[in-house]
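Each chain is listed here by its residues.
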Amino acid sequence: MSGLLQGRVAIVTGAGRGIGRAIAEQLVAEGAKVIVADNGASISGDGGDPEVARTAVEELNGKAGAKNALAFTESVASPGVAKQLVDLAVKTFGGIDIVVNNAAILRDAFVFRADPADWDAVIRTNLSSAFYLINAASGVMRDQGKSGRGGKDGYDWGRIVNIVSSAGLYGNLGQAAYASAKAGLFGLTRVTAMDLARAQITANAVAPFARTRVTDIIQPANEAQKTYKERALKIGAHHVADLVTALCSPAGKPITGQLLGVRGREVFLFGQPRPVARLEAGAPGTLAQDIVGKLGGQFTDLTTDLEAFNTEPLV
């Protein structure tokens, strides 16, 4: 490896398995010190197994031939624990340069059958925990810039990458909580990029396509979704790790506030919501008809993410 991230310190949540594990491996391979933050819960967020993070760290350190990785086995879904995690990075490795929010759970159900408690759990794990960690880490990153840790230019280092999902962009049947959390995570990414731009700390969102525990439990609702699962979700997570590493590298400095996707060797830059048409509003009795008649040709259809990306990936 080229040592792109030599001397940098990263926190990766949900890094014991799947995409998070691949990201942690790549960051360590490029010279970073990495805290593997994973409580080992099931994909539904139940239970916990500290050995998941510990085993990942043991293997990462074995490959690196040094103690470049450290396990953190608590859930980050509370402000206090998120601060403990950041404090651990600073105390053990001397700072924090990279945050990758990857941890996620799934509790799918149609909106008319969903349990509000499941909604709360998904939002807390997939969205609130990301805010808590960004909130705790970004202040430290800014102070590091002022003190010169970032490099010769002072304010010049800090990378935040939030792992979102095409489900939060397109929607998918039965995934109200998951899609809402991931859509919210993109909104958080945009504001984070704006708030930290002056400190030259970047924030980007990545929508990954790879086979993981999340995708393994998807139940296709039709042939298009079945095709998607057979094609788009058969590829390895290392491609996602490549993109995240690139965003965290020195060359990633100009990239911020962006929404990117990665599917095998394909990297997508997504457009972001902006007005595409306008009309002058009339009376309420005719306004809906005007919207349909004048703007209907530009409506966004109800294609799910599973149907939109059912083509053969580049691998």
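Let us look at the structure shown here. (Residues numbered from 1 in each chain as written. Predicted model: local features only at pLDDT ≥ 70, side-chain atom pairs only at ≥ 80, totals over all residues. Heavy atoms only, no water.)

1. Brief notes about the pattern of salt bridges
Then step 1. Summed over the entire model, instances satisfying the criterion amount to 9 salt bridges.
Then step 2. With a closest N to O distance of 2.9 Å, Asp87 and Lys83 form a salt bridge. Residue Asp87 and its partner Lys83 are both found in helix H3 (residues 79-93); the two are separated by 4 residues, about one turn of the helix.
Then step 3. What makes Lys83 partly exposed here is its relative accessible area of 49%.
Then step 4. Here Arg107 and Asp118 are joined by a salt bridge, their closest N and O atoms 3.0 Å apart. Separated by 11 residues along the polypeptide, Arg107 in the loop between strand E4 (98-101) and helix H4 (116-147) and Asp118 in helix H4 bring together distant segments of the chain.
Then step 5. You can call Arg107 partly exposed: its relative accessible area is 24%. (Salt bridge = Lys/Arg side-chain N within 4 Å of Asp/Glu carboxyl O. Helix = DSSP H or I, 4+ residues; strand = E, 2+ residues; numbered from the N terminus. Buried < 20%, exposed > 50% of the residue type's maximum accessible area, 1.4 Å probe, protein only.)

2. Quick notes on helix H1 (residues 18-29)
Then step 1. Given a rise of 1.5 Å per residue, 12 residues ought to cover 16 Å, and the 17 Å separating the end C-alpha atoms of H1 matches this to within 8%.
Then step 2. Of all 12 residues making up H1, 9 are buried, and the element is well covered by its neighbours.
Then step 3. Buried residues of H1: Ile19, Gly20, Arg21, Ala22, Ile23, Ala24, Gln26, Leu27 and Val28, and no others.
Then step 4. Positive backbone phi, approximately 100°, marks Gly31, located one or two places after H1. (Expected span 1.5 Å × (residues − 1).)

3. So, the nonpolar core
Then step 1. Residues Ile11, Leu85, Ile96 and Ile160 are the most contacted members of the largest nonpolar core, which totals 44 residues.
Then step 2. Sort the elements by how many residues they give to this core and H4 lands first, with 10 residues.
Then step 3. Counting residues in each nonpolar core, the second largest holds 33 residues, with Ala22, Leu27, Val57 and Ala237 among its members. (Core = buried A, V, L, I, M, F, W, Y, C linked by side-chain atoms within 4.5 Å.)

4. What about the sheet that holds E4?
Then step 1. Read across the sheet, 8 strands follow the order E3-E2-E1-E4-E5-E6-E7-E8 without closing on themselves; strand pairing throughout is mixed. Unpaired on one side and paired on the other, strand E3 (69-72) and strand E8 (266-269) mark the two borders of the sheet. Taken pair by pair, the neighbouring strands of this sheet meet at an average axis angle of 20°, ignoring direction. (Pairing = 2+ DSSP bridges. Axes fitted to C-alpha atoms, helices over the stretch in contact; angles between N-to-C directions.)

5. Concerning the pairing of E8
Then step 1. Pairing analysis gives 4 bridges linking strand E7 (residues 259-263) to E8, with the strands arranged antiparallel. By the bridge assignment for E8, Arg263 is matched with Glu266.
Then step 2. Between the antiparallel neighbours E7 and E8 lie 2 residues, among them Gly264 with a positive phi of about 60°.

6. What about unusual backbone geometry?
Then step 1. With a phi angle near 55°, Gln200 is a residue other than glycine that sits in the positive phi range.
Then step 2. Here Gln200 is to be found in the loop between helix H6 (176-196) and strand E6 (202-209).

7. Digging into empty space enclosed by the protein
Then step 1. Per the counting criterion, the structure on display carries 1 cavity of 30 Å³ or more.
Then step 2. Reported here for the largest cavity is a volume of approximately 50 Å³.
Then step 3. Residue lining of the largest cavity: Thr13, Val76, Asn101, Asn102, Ala103, Thr125, Asn126, Ser129 and Ala130, and that is the complete set.
Then step 4. For the lining of the largest cavity, the element with the most residues is H4, which contributes 4 residues.
Then step 5. By residue class, the composition of the lining of the largest cavity is 3 nonpolar, 6 polar and no charged. (1 Å grid on protein atoms, 1.4 Å probe; cavity = no way out; pocket = protein on both sides within 12 Å on 5 of 7 lines; lining within 4 Å. Points joined across faces, edges and corners; volume = space filled by probe spheres on them. Nonpolar A, V, L, I, M, F, W, Y, C, P; charged D, E, K, R; others polar.)

8. Some remarks on the packing of aromatic side chains
Then step 1. In the structure shown here, the tally under the stated rule is 4 aromatic pairs.
Then step 2. Ring centres of Phe209 and Phe268 lie 6.3 Å apart, and the angle between their planes is 70°; this geometry places the pair in the edge-to-face category. Of this pair, Phe209 sits in strand E6 while Phe268 is found in strand E8, placing the two residues 59 residues apart along the sequence.
Then step 3. A residue is classified by how much of its surface remains accessible, and Phe268, at 22% relative accessible area, is partly exposed. (Phe/Tyr/Trp six-rings, centres within 6.5 Å; stacked < 30°, edge-to-face > 60°.)

9. Looking at the side chain of Thr125
Then step 1. You can see Thr125 is positioned in helix H4.
Then step 2. Given the relative accessible area of 19%, Thr125 is considered buried.
Then step 3. Not counting chain neighbours up to four residues away, the residues in contact with Thr125 comprise Ala103, Ala104 and Ile105. (Contact = heavy atoms within 4.5 Å.)

10. Here's the deal with the packing of H1 against helix H2 (residues 51-64)
Then step 1. Contact geometry for H1 and H2: axes closest at 10 Å, N-to-C directions at 30°. Looking at the two axes, H1 sits roughly parallel to H2. When the axes of H1 and H2 are compared, the crossing they make is right-handed. Only Ala56, Glu59, Leu60, Lys63 and Ala64 of H2 make contact with H1, whose side of the interface consists of Arg21, Ala24, Glu25 and Val28.
Then step 2. In the contact of H1 with H2, the residues fall into 5 nonpolar, no polar and 4 charged. (Parallel < 35°, antiparallel > 145°, perpendicular 65-115°, else oblique. Left-handed = near helix turned anticlockwise from the far one by under 90°.)

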